There are 2 protein chains.
Amino acid sequence: MYRHRSSLGDLLHHIHVSGPLSRAALAERMGVNRSTILGWTAELVAAGLVREEHPAGTTRAGRPSLVVVPESERVWVLAFDVAVDRLVAARVGLGGRILDRREAARPRAGVDLDTVVRKLAALGRELIVPGSLCAGVGASYCGMIRPGDGMVRYGPEMGWVDQAFGAELSRALGIGLPVAVGNEAHLGALAEFQRGAGAGSSDLIYLHGDVGVGGGILVGGKLLGGEGGYASEVGHMLVNPVDGRPCLCGSRGCLEAETGECALLDAAGRERGEFGREAVRAVVRDAVAGERVAAAAVAEIGDWLGIGVANLINLFNPGVVIFGGTLRDVYAAAEPQVTARIAQHAMPVSRERARLSVSALADDATLIGAADLGFAALMSDPLEVRAAGLTAALAPAGHAPAGHAPAGPAAQP
Amino acid sequence: MYRHRSSLGDLLHHIHVSGPLSRAALAERMGVNRSTILGWTAELVAAGLVREEHPAGTTRAGRPSLVVVPESERVWVLAFDVAVDRLVAARVGLGGRILDRREAARPRAGVDLDTVVRKLAALGRELIVPGSLCAGVGASYCGMIRPGDGMVRYGPEMGWVDQAFGAELSRALGIGLPVAVGNEAHLGALAEFQRGAGAGSSDLIYLHGDVGVGGGILVGGKLLGGEGGYASEVGHMLVNPVDGRPCLCGSRGCLEAETGECALLDAAGRERGEFGREAVRAVVRDAVAGERVAAAAVAEIGDWLGIGVANLINLFNPGVVIFGGTLRDVYAAAEPQVTARIAQHAMPVSRERARLSVSALADDATLIGAADLGFAALMSDPLEVRAAGLTAALAPAGHAPAGHAPAGPAAQP
């Protein structure tokens, strides 16, 4: 039974990641015959998770091959993104489509857990559609997250240490589902691997720029976790030990201190008080337009970024390095500096297969990653989650079915 | 049949790594019952790979539990180590014991492939004991090795680029066995994980000091390979971008340029012409004895080493960092600098579970790693290799059985 349900999950995962697929394509991908696919699909149809359709434009005679389509509108997760300058909540349908979203600006620092959780829960509850299936809840957070329970071990930018973010958000949402939490760059890496610029590259580095620089690293297709799940702290690699800029972590000369938002705005001579992705993008736009100070600032940041990337190439021999968040914009403008530093400092053998790319999912990479975290339980046992999740989504907002939460889907990357 | 042979290999691997074990212990480790172990052991006894003995000191009445013991004298591999200052060949018995060894000093630079291979083959052939079982051949090399064929892609210290080291050494040995080649630090990491300071830590970083600094990194118990197998080039992480020392790779300020042999000897004001592990150890001894210039040199190198280790802890969240080769001595003397830098630059959450250790296998870590590479085929199919390997070891030295080489055991980490 367990193995059968895991096969149903695999089939659903193919549809979730690749979109509508014919039974023939599914049979080939999964290495089973078409009648097996027929049976599995029938179960998923009966559970309301997929439907079968005639492919668009079928006019020929004969038996057209049916296409299996995800029930994106009826089966969804709530996804949250706690970013540096905003809070985002979205309803993301099976198949990875953002169906609806809410955003709120976020005060810069010193925000307590309760304030953030109450705001997110309020945004999230607006998105619930009773009668459809909420399969799970995932959240992306800009800090170090303990695997298993969504505890924020360290969120420097908000001043959080050991805050029970996952548990508190679950309680505040009150729909009887736990919240799976991941680090934003880890989730961005997984999302780009599944659906973005990293598809097919199982040794992948994703760099996420916001106020700092986060990293998500895949080794052989799996997220690099390390002993405790806190690996890939790329932003705190020391690159400038001699006269480095101060870093939020208490050290100086960290990669994020030299390439993050503050470094760029400072180098560009912007007013204190300007911040956020739009301020970064404004500097990059000015640089591309030829404004001298902005161009020098972008080049300086690109230089440090290139040193960091060269180090990562030497260490990981990756197939692809992906620039996400505001680094997407910075890299696009500072590519010459980045590639020059790589040529100078990365071993030729280590860099010979490493391509550089900007994030394909752009500002939604972390949100899509959070959604996939929410979908993880459904992919591992579709029928079980369908039973549990429907109950949850039918409950009126703010009223959790008593005692249900621990039995619901929970997953960590 | 395949699965059965792989079980035999697993049993043999337990004995190889842990030494003599009772049938009861084997049954528990492998999760099968004792009668299954009895049958498997009988097959390995019949193949001449293990024997059964009464445990030492058994005097009590009743049926003593027999102990399964590796046939270390009769079943062995040839292991080679191409290090910076020496060439080593050893006969290493099943169980990991070095039975016999030969060493030769090596001229410093500009040594061609043919010279190295001829010398190694001559050393190796002296170690062959006809009539016993040579199960494979492994070699450790101080450079970047292509997985699969033992091609040296880059050996900066010897000036090698794309040299067919594995194939040529196999040909020169002439015993009809291929030579599996690995990077010295990769092999050191695996050896310390199996038998040394890293036992039980599946997220492990091994740093190997000789003229440069090599790295071997295990992620979840597996060697970090990356896209092409060239990951873990720790020595070329740029740590000093401002006024870094020149590096053999052509860059400046690499970790190995700041912490390798030349940096230490130079900082200690030693004569040009002094080199090798003994020269490094002499400086460390002087430093420990309180000689001022040597102590300052060790502290300076320790400072840079600490920066490198802090970066690795942020990136990998490891369970253990192991200092091998000459870094074993350097770390022992520079521990205060290393730990101070880690405290300063590694995130508290990232370093909370990371212990620091010196290599337990000391100067033999890379050689033992090479031996395990040689044993890999035997561990995956003991009966097949027994048949092929015996033929090889019985052949007179210098005469390969025609056409045998491609069928023999071959393995890469």
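Residues numbered from 1 in each chain as written. Chains lettered and ligands numbered in written order. Predicted model: local features only at pLDDT ≥ 70, side-chain atom pairs only at ≥ 80, totals over all residues. Heavy atoms only, no water.

To keep it simple, the criterion reads: UniProt positions are given in the numbering used here, feature names are shortened, and annotations may be inferred rather than shown by experiment.
With an unreviewed UniProt entry as reference, chain A is termed ROK family protein, source organism Paractinoplanes rhizophilus. The record held by UniProt for chain A lists under Sequence similarities (unreviewed entry) the comment "Belongs to the ROK (NagC/XylR) family."

Here we look at the packing of aromatic side chains
The line we're drawing: Working definition: a ring pair exists when centres of Phe, Tyr or Trp rings (six-membered ring for Trp) sit within 6.5 Å. Plane angles under 30 degrees give stacked, over 60 give edge-to-face, the rest tilted. A run of H or I in DSSP becomes a helix once it reaches four residues, and a run of E becomes a strand once it reaches two; helices and strands are each numbered from the N terminus. Exposure classes here rest on a 1.4 Å probe applied to the protein chains alone. A residue is buried below 20% of its type maximum, exposed above 50%, and partly exposed in between. Put simply, a charge is over a ring when the Lys NZ or the Arg CZ is close to the ring centre, within 6 Å, and near the line of the ring normal, within 35 degrees.
According to the stated counting rule, one finds nine aromatic pairs over all chains in the structure shown. Ring centres of B:Tyr141 and B:Trp160 lie 5.2 Å apart, and the angle between their planes is 20°; this geometry places the pair in the stacked category. Here B:Trp160 lies in strand β10 (residues 160-163) and B:Tyr141 lies in strand β7 (residues 133-141), a separation of 19 residues in the sequence. For B:Tyr141, a relative accessible area of 0% gives the class buried. For B:Trp160, a relative accessible area of 3% gives the class buried. Three or more aromatic residues link up through ring pairs in this structure, and these residues are A:Tyr141, A:Trp160 and A:Phe165. Over the face of the ring belonging to A:Trp76 we find A:Arg91, whose NZ or CZ atom lies 5.9 Å from the ring centre.

Focus on the sheet that holds strand β9 (residues 151-155) of chain B
Adjacent strands of a sheet pair through backbone hydrogen bonds, lying either parallel or antiparallel. All names here are of chain B. To be explicit about the condition: A pair of strands is treated as paired once DSSP finds two or more bridges between them. In this description, a line fitted to the C-alpha atoms serves as the axis of each element, helices being fitted only across the stretch in contact, and the angle between N-to-C directions of two axes falls anywhere from 0 to 180 degrees.
The antiparallel open sheet is built from three strands, whose spatial order is β8-β9-β10. Each edge of the open sheet carries a strand with a single partner, namely β8 (144-146) and β10. Geometrically, the sheet is characterised by an average inter-axis angle of 20° between neighbouring strands, direction not taken into account. One ladder, built from three bridges, connects β9 with β10; its direction is antiparallel. By the bridge assignment, Val152 is partnered in β10 with Gln163.

A short note on the sheet that holds strand β3 (residues 67-70) of chain A
Residue and element names in this part refer to chain A. As a reminder, the rule being used: We call two residues in contact whenever any of their non-hydrogen atoms come within 4.5 Å of each other.
The three strands lie next to each other as β1-β3-β2, forming an open sheet whose pairing is antiparallel. The open sheet has two edge strands with one neighbour each: β1 (21-22) and β2 (50-53). Here β1 pairs with β3 via two bridges, running antiparallel. Among the inter-strand pairings, Ser22 is bridged to a residue of β3, identified as Val67. Contacts from helix α3 (residues 34-46) reach β2 and β3 within the one sheet, and its direction differs from that of β2 by about 120°.

What about the pattern of salt bridges?
What counts, and what does not: Within this document, salt bridges are pairs made up of a side-chain nitrogen of Lys or Arg and a carboxyl oxygen of Asp or Glu, the two lying within 4 Å of each other.
With the rule as written, the count across this model stands at 48 salt bridges over all chains. Here A:Arg101 and A:Glu103 are joined by a salt bridge, their closest N and O atoms 3.4 Å apart. In this structure A:Arg101 comes out as partly exposed when scored by relative accessible area, which is 27%. A salt bridge links B:Arg102 to B:Glu126; the shortest N-O distance between them is 2.6 Å. One end of the pair, B:Arg102, is in strand β6 (residues 97-105); the other, B:Glu126, is in the loop between α4 (113-125) and β7, with 24 residues separating them in the sequence. The partly exposed category is assigned to B:Glu126, whose relative accessible area is 47%. Members of the salt-bridge network, linked through shared partners, are A:Arg277, A:Glu278, A:Arg281, A:Asp329 and A:Asp363.

Here we look at the environment of B:Leu367
All names here are of chain B. Here Leu367 is to be found in helix α13 (residues 365-380). Note: C-alpha distance between Leu367 and Phe323 (44 residues apart in sequence) is 16 Å. Discounting residues that sit within four places of it in the chain, Leu367 has contacts with Ala79, Phe80, Asp81, Val88, Ala90, Ile98 and Arg101.

Topic: the packing of helix α9 (residues 277-288) of chain A against helix α11 (residues 326-345) of chain A
Residues and elements named next belong to chain A. Here is the rule we go by: Here roughly perpendicular refers to angles of 65 to 115 degrees, roughly parallel to angles under 35, roughly antiparallel to angles over 145, and oblique to all remaining angles. Charged residues are taken to be Asp, Glu, Lys and Arg, nonpolar residues to be Ala, Val, Leu, Ile, Met, Phe, Trp, Tyr, Cys and Pro, and polar residues to be all remaining types, Gly included.
α11 packs onto α9 with a crossing angle of 10° between their chain directions and a minimal axis gap of 10 Å. Considering the angle they form, α9 stands roughly parallel to α11. Residues Arg277, Val280, Arg281, Val284 and Val288 of α9 lie in contact with α11, whose contacting residues are Thr326, Asp329, Val330 and Ala333. Its residues assigned to classes, the contact of α9 with α11 shows five nonpolar, one polar and three charged.

A look at the UniProt feature "domain: HTH marR-type" (unreviewed entry) in chain A
Here, UniProt's "domain: HTH marR-type" (unreviewed entry) annotation points to residues 11-53 of chain A. Its end C-alpha atoms 16 Å apart, residues 11-53 of chain A is made of 67% helix and 14% strand.

Describing the relation of the copies chain B and chain A
The two chain copies are connected by a rotation around an axis plus a translation along it. Our working rule: Copy-to-copy alignment: least squares on C-alpha atoms, limited to residues at pLDDT 70 or above in both.
Superposition of chain B onto chain A requires a rotation of 180° combined with a translation of 0.1 Å along the rotation axis, giving an RMSD of 0.0 Å. Here the two chains are linked by the operation of a two-fold rotation axis. Distance from the rotation axis, computed per C-alpha, reaches its smallest value in chain B at B:Val239: 3.0 Å. The share of interface residues of chain B whose copies in chain A are also at the interface is 100%, consistent with both copies meeting through the same surface.

Brief notes about the interface of chain B and chain A
The line we're drawing: Two parts lose some accessible area (1.4 Å probe) when they are put together, and adding that loss for both gives the buried area. Two N or O atoms form a polar contact when they lie within 3.5 Å of each other; inside protein one atom must be a possible hydrogen donor and the other a possible acceptor, and for residues adjacent in sequence the pair counts only when both atoms belong to side chains.
Residue-level contacts link 42 residues of chain B with 42 residues of chain A. In total, chain B and chain A occlude about 3,700 Å² of area from one another, counting both sides; carbon and sulfur atoms represent 63% of this. Looking at the side of chain B facing chain A, the largest losses of area belong to B:Glu227, B:Leu315 and B:Met347, adding up to 19% of the total buried there. A salt bridge links A:Arg153 to B:Glu352, with the nearest nitrogen and oxygen atoms 2.9 Å apart. Counting across the chain B and chain A interface gives 20 residue pairs in polar contact (both at pLDDT 80 or more). Put simply, the parts of the chain that give the side of chain B that touches chain A at least two residues each are β9, α10 (292-316), α11 (326-345) and α12 (348-351) of chain B.

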